[in-house]
Amino acid sequence: MNEWVEMWHEGIEKEGVTARIVKKTPGILCPCYNESTGYGNPLWHVDNPLEPDCDDECYLSSTETITDIKCFMIPKDSLKADNVDQIILDLIGKIEKYDYVYYGPNTYNIKELGEDDYIEYTNMKFRIKNVQRYDIREEPLAYIAVLELIQNV
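Report on the accompanying structure. Bear in mind that the values here come from a model prediction, so they are computed numbers and not experimental data. (Residues numbered from 1 in each chain as written. Predicted model: local features only at pLDDT ≥ 70, side-chain atom pairs only at ≥ 80, totals over all residues. Heavy atoms only, no water.)

A short note on the sheet that holds strand β7 (residues 100–105)
With antiparallel pairing, six strands are arranged side by side around a closed barrel as β1-β6-β7-β10-β9-β8. Sheet twist, expressed as the mean angle between neighbouring strand axes with direction ignored, is 45 degrees. Where strand β6 (residues 63–75) and β7 come together, four bridges link them in antiparallel fashion. In the strand pairing of β7, F72 is matched with Y103. Running over the sheet, helix α1 (residues 3–15) touches β1 (17–25), β6, β7, β9 (124–136) and β10 (139–152) and is turned about 100 degrees from β6. (Pairing = 2+ DSSP bridges. Helix = DSSP H or I, 4+ residues; strand = E, 2+ residues; numbered from the N terminus. Axes fitted to C-alpha atoms, helices over the stretch in contact; angles between N-to-C directions. Contact = heavy atoms within 4.5 Å.)

Re the nonpolar core
Of all hydrophobic cores here, the largest spans 18 residues; its most connected members are M73, Y102, I110, I119, I128 and L147. The set of elements that each furnish at least two residues to this core consists of β1, β6, β7, β8 (118–121), β9 and β10. Look past the residues within four positions of I128 in its chain and what remains in contact with it is I110, L113, D117, Y118, I119, A145, V146 and L147. I12, I92, V101 and Y103 belong to the second largest nonpolar core, which has 13 residues in total. (Core = buried A, V, L, I, M, F, W, Y, C linked by side-chain atoms within 4.5 Å. Buried < 20%, exposed > 50% of the residue type's maximum accessible area, 1.4 Å probe, protein only.)

Details of the environment of A145
Locating A145 in the fold gives a position in strand β10. A sequence separation of 54 residues divides A145 from L91, and the C-alpha atoms of the two residues are 8.8 Å apart. Residues within four places of A145 in sequence aside, it is in contact with I92, Y100, V101, Y102, I110, I128, K129, N130 and V131.

So, the packing of aromatic side chains
The geometry of an aromatic ring pair is captured by two quantities: the separation of the ring centres and the angle between the planes. By the definition in use, this model includes three aromatic pairs. Aromatic pair Y100 and F126: ring centres 4.9 Å apart, planes at 55 degrees, arrangement tilted. Of the two residues, Y100 is situated in strand β7 and F126 in strand β9; the sequence distance between them amounts to 26 residues. The two residues Y100 and F126 agree in class, both being buried. Ring pairs connect the aromatic residues Y100, Y121 and F126, which therefore count as one cluster. (Phe/Tyr/Trp six-rings, centres within 6.5 Å; stacked < 30°, edge-to-face > 60°.)

Considering α1
With 13 residues, α1 ought to run about 18 Å at 1.5 Å a step, and its terminal C-alpha atoms sit 18 Å apart, in line with that. Within α1 the residues assigned to the buried category are V5, W8, H9 and I12. For α1, the angular spread of buried residues about the axis comes to 95 degrees, placing them on one side. For α1, the exposed residues set more than 90 degrees away from the buried face come down to E10, K14 and E15. (Expected span 1.5 Å × (residues − 1). Arc of directions from axis to C-beta.)

As structure tokens, this is what we get:
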């Protein structure tokens, strides 16, 4: 590991914030699901009261894996017009008014997260978009992404 990567990891541990990554793994599709409408039929559960209830997306036994991670979460309003931020913006693209920028360690690959996965930070829930790996001297340094605000939790 080169000195830049070591300094980055030390900086995240010392100055970073804790965010929660929630990775959803769907279970099996509930029999109430109607393929033609794309929705579950709540009457199926009324007619089959002994069957287990499904989640909002019509899955039985879906799970969530929660990982707390140290990272930097920067609101759009706090980005400066300096060279570092411009490099990051060139990597991840357009950022909307309520978006945040995620700077995270290279030890957790957020590129592997799916479209239903999200990050929680200070009572806010974010969709992960435009993930890029940032390398320095051909070694992975960090993952950078746009975080789109989904809701306040």
